[in-house]
Amino acid sequence: MTKAIESTQAIVPKKRDAKAKKTRLREMLARKRGASAPAGTRLLKYWGGETHEVVVTTDGALWNGHAYGSLSAVARAMTGTRRNGPRFFGLREERTP
């Protein structure tokens, strides 16, 4: 019986501080949702005669000093129309008719 207790204790992970645990959870969720680019990636998009810089974060993306929940939200703010964000930023191939 003591062997079973010892093996159970070995499975329990070490405690982490709350911030690190939250960050890891966000990264896992992003991978599960099929995130298009890892956090920290800098995307450049030429649109409307200007080059725009977007930084991908664990929570979404940053553009023009504002945080957005997704690349699609950034693409919509940038263009004024609904767009597939990963496709708009060149992270996915265009569909062929």
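For the structure itself, look to the data block above.
Residues numbered from 1 in each chain as written. Predicted model: local features only at pLDDT ≥ 70, side-chain atom pairs only at ≥ 80, totals over all residues. Heavy atoms only, no water.

(A) Highlighting the nonpolar core. The biggest cluster of nonpolar side chains holds twelve residues, and these are A37, L43, V54, V56, A61, W63, L71, V74, A75, M78, F88 and F89. If you list the elements that add at least two residues to this core, you get β2 (50-57), β3 (60-63) and α3 (71-79). Setting aside residues up to four positions removed in sequence, L71 forms contacts with S36, L43, V54, V56, A61, G85, P86, F89 and L91. (Core = buried A, V, L, I, M, F, W, Y, C linked by side-chain atoms within 4.5 Å. Buried < 20%, exposed > 50% of the residue type's maximum accessible area, 1.4 Å probe, protein only. Helix = DSSP H or I, 4+ residues; strand = E, 2+ residues; numbered from the N terminus. Contact = heavy atoms within 4.5 Å.)

(B) Molecular detail of the environment of P86. By the secondary structure assignment, P86 is in helix α4 (residues 85-88). Assessed through its relative accessible area of 10%, P86 is described here as buried. Through-space distance from the C-alpha of P86 to that of S36 is 6.2 Å; in sequence the pair is 50 residues apart. Look past the residues within four positions of P86 in its chain and what remains in contact with it is S36, L71, S72, L91 and R92.

(C) Region of the structure containing the side chain of K45. Within the element layout of this structure, K45 appears in strand β1 (residues 42-47). Separated by 3.0 Å, the side chain of K45 and the backbone oxygen of F88 make a polar contact. Setting aside anything within four residues of it in sequence, one finds K45 in contact with E50, T51, H52, M78, F88 and F89. (Polar contact = N/O pair within 3.5 Å; in protein donor to acceptor, adjacent residues only side chain to side chain.)

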